[in-house]
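Close look at the chain arrangement
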Amino acid sequence: GGGGGGGSSRSTGDGEEGLAGEDFANLSLTSPFTAERGQRLSMHLMQRRVGGLESAAQLQLMVLAETFAQIEADRQSLDECGARFYVAAQMAVCLAGRTHRGASGTPQLSAAEFAWAFHSDSQDRLLQILPGLKDRADDSLTWTDMRGSGLGLWLRSPEQLRQCAERLAKAAYRQSEDPLDAALFYLALKKRVILLGLFKSQGNARMTEFFSRNFKEERWHSAALKNAYSLMSKQRYMQAAGFFLLGDRPEDAVNVCLHNLDDIHLAVFVCRLYCGEGSPELVKLLKEEVLVRAAADHDIWTQNMSHWMLKEYDEALDCLCHAHQQQQQPQQ
């Protein structure tokens, strides 16, 4: 905070005009903070420099004003957990986008923020306003965008998860016009017929014939797996994972995500889609991989979400309480 001065704008000494003291006081100190006041404050901060604040600090203040204005406007549809996640996501996206021109705007958030979204009862609204995704054109969306938002972990609705996967699949195809780039998502959704249609629309007789086969038959089951291993040798790992699903080998697809792509979010996303909530495959993945890695990283938030997905509610609370108790213990 700084002292003084009257209500008029002051020069900062280097040619930059400070924010009018009277306007700033009116916005900051009078009556409750509203969406309109947040928008006004953000506009002032965008147009004028505040004396004594570095550019980065003023940028953060401007983003916070915008964010809280949105939260106030959504007060009836955002709960506290959702609001906490939204603030973190908005800060991450806006600061990245405004600091680096042309940045993708994909938020890079922590497991703690994902946990707030996971426990929110406002997930429908979060999907509508989620920074980095809501304004993204469908044909430019990528898995990197969705992974950065943590959707594969925190989105609880199976139907909404499927909608996200379908959106990804359509975008992957539009970006390259190669149906194989969309294969992992369509096959996780068990929509092989869409891939068949895409190859047919391109006049690709060989792949149309291949995807028209019955992959429950041993010959074609083996052919799907042979293609998966061939793609692995070419380091085309996402396509390989898709062919493992075509051969009904979800455990192998999950292992590709975990060990070749080093993407535990994708592993959980694919397993939830293909195998279903509460499936033995998902339980194994959560217990043997997600929880083990989270414990090794002292990541209590991912442990909390994993236990909750496993319906181990006592354990979900215990890992948070244990961490809190450790923090309260005096240092020796």
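Provided above is the structure to which this section pertains.
Residues numbered from 1 in each chain as written. Predicted model: local features only at pLDDT ≥ 70, side-chain atom pairs only at ≥ 80, totals over all residues. Heavy atoms only, no water.

**Here we look at the overall build of the chain**
Looking only at helices and strands, the chain has 19 helices and zero strands in total. Taken across its 332 residues, the chain has 46% of its residues classed as buried. Sequence separation of 24 or more characterises 57% of the internal contacts of the chain that already satisfy a separation of 6 or more. As presented, the chain carries roughly 17600 Å² of accessible surface, and 49% of it is formed by carbon and sulfur atoms. (Helix = DSSP H or I, 4+ residues; strand = E, 2+ residues; numbered from the N terminus. Buried < 20%, exposed > 50% of the residue type's maximum accessible area, 1.4 Å probe, protein only. Contact = heavy atoms within 4.5 Å. Areas by Shrake-Rupley, 256 points an atom, 1.4 Å probe, with all protein chains shown as cover.)

**Regarding the packing of aromatic side chains**
Evaluated as defined, the whole model comprises 12 aromatic pairs. Between phenylalanine 199 and phenylalanine 211, the ring centres sit 5.4 Å apart and the planes meet at 25°, which makes this aromatic pair stacked. Of this pair, phenylalanine 199 sits in helix α11 (residues 192-201) while phenylalanine 211 is found in helix α12 (residues 205-211), placing the two residues 12 residues apart along the sequence. Look at phenylalanine 211 and you get buried, because its relative accessible area is 0%. Aromatic pair phenylalanine 210 and phenylalanine 215: ring centres 5.2 Å apart, planes at 70°, arrangement edge-to-face. A single burial state applies to phenylalanine 210 and to phenylalanine 215, both of which are buried. Through successive ring pairs, a cluster of aromatic residues spans Phe199, Phe210, Phe211, Phe215, Trp220 and Phe243. (Phe/Tyr/Trp six-rings, centres within 6.5 Å; stacked < 30°, edge-to-face > 60°.)

**Some remarks on the pattern of salt bridges**
Per the stated rule, a full pass over the model turns up 11 salt bridges. With its nearest N and O atoms 3.6 Å apart, the salt bridge here joins arginine 156 to aspartate 121. Of this pair, arginine 156 sits in the loop between α8 (151-154) and α9 (158-176) while aspartate 121 is found in the loop between α5 (111-118) and α6 (123-129), placing the two residues 35 residues apart along the sequence. You can call arginine 156 partly exposed: its relative accessible area is 35%. (Salt bridge = Lys/Arg side-chain N within 4 Å of Asp/Glu carboxyl O.)

**Some thoughts on the environment of leucine 261**
Assignment of secondary structure puts leucine 261 in the loop between α15 (250-260) and α16 (264-275). Taking the relative accessible area as the measure of exposure, leucine 261 reaches 28% and is therefore partly exposed.

**With respect to the nonpolar core**
Soluble globular proteins tend to pack their nonpolar side chains together in the buried interior. In this structure, Phe85, Trp154, Phe211, Phe269 and Leu285 are the most contacted members of the largest nonpolar core, which totals 80 residues. When residues in this core are grouped by element, the largest group, nine residues, is from α16. (Core = buried A, V, L, I, M, F, W, Y, C linked by side-chain atoms within 4.5 Å.)

**Observations concerning the side chain of glutamate 312**
Topologically, glutamate 312 is positioned in the loop between α18 (300-309) and α19 (313-328). Separated by 2.7 Å, the side chains of glutamate 312 and histidine 307 make a polar contact. For glutamate 312, the residues in contact, after removing those within four places along its chain, are Lys287 and His307. (Polar contact = N/O pair within 3.5 Å; in protein donor to acceptor, adjacent residues only side chain to side chain.)

**Re the packing of α15 against α16**
Close contact between α15 and α16 brings their axes to 7 Å; oriented N to C, the two are set at 160°. In terms of axis orientation, α15 runs roughly antiparallel to α16. Crossing handedness for the pair α15 and α16: right-handed. Each of Pro250, Val254, Cys257 and Leu258 in α15 lies in contact with α16, whose residues at this interface are Ile264, Leu266, Ala267, Val270, Cys271, Tyr274 and Cys275. Split by residue class, the contact of α15 with α16 holds 11 nonpolar, no polar and no charged. (Axes fitted to C-alpha atoms, helices over the stretch in contact; angles between N-to-C directions. Parallel < 35°, antiparallel > 145°, perpendicular 65-115°, else oblique. Left-handed = near helix turned anticlockwise from the far one by under 90°. Nonpolar A, V, L, I, M, F, W, Y, C, P; charged D, E, K, R; others polar.)

**Some words on α16**
For α16, with 12 residues, the first-to-last C-alpha span of 16 Å sits near the 16 Å given by 1.5 Å per residue. With respect to burial, α16 is a largely interior element, 11 of its 12 residues being buried. Buried within α16 are the following residues: Ile264, His265, Leu266, Ala267, Val268, Phe269, Val270, Cys271, Arg272, Leu273 and Tyr274. One side-chain oxygen at the N-terminal end of α16 lies 3.2 Å from the backbone nitrogen of histidine 265; it belongs to aspartate 263. (Expected span 1.5 Å × (residues − 1).)

**Here's the deal with α15**
Taken together, the buried positions of α15 are Pro250, Asp252, Ala253, Val254, Val256, Cys257 and Leu258. Turning to α15, the residues buried within the fold contact α13 (218-233), α14 (237-246), α16 and α17 (280-296).

**Focus on the state of the cysteines**
Counted according to the given criterion, the structure contains zero disulfides. Cysteine 271 carries a free sulfur, and the closest cysteine sulfur to it, the one in cysteine 275, is 4.1 Å from it. Cysteine 271 gets classed as buried once you look at its relative accessible area, which sits at 2%. (Disulfide = S-S within 2.5 Å.)

**Remarks on unusual backbone geometry**
If you check the backbone angles, glutamate 177 has positive phi at about 60° while not being a glycine. When you line up the elements, glutamate 177 lands in the loop between α9 and α10 (183-188). Phi at aspartate 248 is positive, roughly 55°, even though this residue is not glycine. Residue position: aspartate 248 is located in the loop between α14 and α15.

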